[in-house]
Amino acid sequence: MVDRNKKRVITLEEYIIQAQNKFPGATGDLSQLLRDIGLAAKIISREVNKAGITNILGEDGSKNIHGESVKKLDLFADEQMISALNRAEITCMVISEENDGIVELDNAGGKYIVYLDPLDGSSNIDVNVSIGSIFSIYMREKPGSNQLSADEALQPGLKQVAAGYVLYGSSTLLTYTTGMGVSVFTLDPSIGEFILSEDDVKIPDKGTIYSVNEGSYHSWDKGLKQYIKYCQVEDKETSRPYKARYIGSMVADVHRTLKTGGIFIYPNSSQYPNGKLRLMYECNPLSLIIEQAGGLAIDGKGRILEIEPEAIHQRTPIFIGSQENVLKVKEFLDKYSSET
Ligand code: P6P
């Protein structure tokens, strides 16, 4: 007898189609794009989970455009994502951390522009710590034109039509938003499908975890130093001292912040005067996710999503997480803004 009360699983494909049906005018192109990213994520997840067995761990001996050693898995993830996006012929160009300029796809007239960090946190691959893929999707301002330029891709984060990440951890999660809330899918390897595990996710208004690389403490501005001291002072009313948690993989640190509340920080410093993390394919997509979940993301002054980009690989400081935690660090940054 079928147990009709048993909750039926909803796959990523079914969810995307149901969401598309809410928009009668939808062409189905964005749905196709999200499904293609989902397919690439499954292939990358399989390779990440057996990386220790196949000869795909370690470095491939080359350096990326930022002078960072490239891991074999970085390149594999980049190839899989770009290949998946190319097949659907609705994306005209991809901008990826692994490539200096724009990667022109076969259909130069495609209406979408996709930013990728194909495998973020790759320094953690060889020590089996969670890593992630991040994607950010924009509509072209001049659809149909075969003249591609990076300028067309320089749009503020508020204009993203979709954004999300894949977290390769104890399980593989795909989290995304199209501006109508945040949904989380968990990969069920036994059937090879992403299954809806949480819908319309909301970040707690405040949290008791702060996440920052305290090894750089001495190169921070005074406001941030004072904020971290505030987090560490005992005060039962505000549940302090907070806990410090830092994985060193942005997708993992931000996903934990989404789930538990609190704040993730990668600030400007003497080593990284404009911050280390990339605006277009790390900070903007994760900021859209967190804001859609009711949180906040700033560069220390204003919203990350409102930054008018000047370069496709530009960096930005980021303070992202629960409203109350982000507003509190901003109080300290403003108070000590005139002091270094
Ligand atoms: P640090 C990983 O290399 C990364 O790009 C992000 O995923 C992560 O948040 C950050 O850099 C870690 O940087 O300087 O603390 O090692």
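Residues numbered from 1 in each chain as written. Predicted model: local features only at pLDDT ≥ 70, side-chain atom pairs only at ≥ 80, totals over all residues. Heavy atoms only, no water.

Caption draft 1: Region of interest: the UniProt feature "domain: Fructose-1-6-bisphosphatase class 1 C-terminal" (unreviewed entry) in the protein chain. Mapped onto this numbering, the UniProt entry annotates "domain: Fructose-1-6-bisphosphatase class 1 C-terminal" (unreviewed entry) at residues 203-333. Taken end to end, residues 203-333 has its terminal C-alpha atoms 23 Å apart, with 36% of it in helix and 12% in strand. (UniProt positions renumbered as here; feature names shortened; annotations may be inferred. Helix = DSSP H or I, 4+ residues; strand = E, 2+ residues; numbered from the N terminus.)

Caption draft 2: Quick peek at the site of the ligand. All residues in the neighbourhood of the ligand are listed as D120, G121, N213, Y246, G248, S249, M250, F264, Y266, K276, L277 and E282. Within the side chain of Y266, a nitrogen or oxygen atom sits 2.7 Å from an oxygen atom of the ligand. When the free accessible area of the ligand is taken as 400 Å², the share hidden by the protein chains comes to 79%. Grouping the amino acids of the shell around the ligand by side-chain chemistry returns 5 nonpolar, 4 polar and 3 charged. (Near = heavy atom within 4 Å. Polar contact = N/O pair within 3.5 Å; in protein donor to acceptor, adjacent residues only side chain to side chain. Areas by Shrake-Rupley, 256 points an atom, 1.4 Å probe, with all protein chains shown as cover. Nonpolar A, V, L, I, M, F, W, Y, C, P; charged D, E, K, R; others polar.)

Caption draft 3: How the structure looks around unusual backbone geometry. For the bond running from R240 to P241, omega is 10°, close enough to zero to count as cis. Structurally, P241 can be placed in the loop between α4 (222-232) and β12 (243-244). Positive phi, close to 50°, is recorded for D200, a residue that is not glycine. On the secondary structure map, D200 appears in the loop between β10 (193-198) and β11 (209-211). Note on D200: relative accessible area 45%, which makes it partly exposed. A positive phi angle, near 55°, is found at S239, a position not held by glycine. Mapping S239 onto the fold places it in the loop between α4 and β12. In this structure S239 comes out as partly exposed when scored by relative accessible area, which is 45%. (Buried < 20%, exposed > 50% of the residue type's maximum accessible area, 1.4 Å probe, protein only.)

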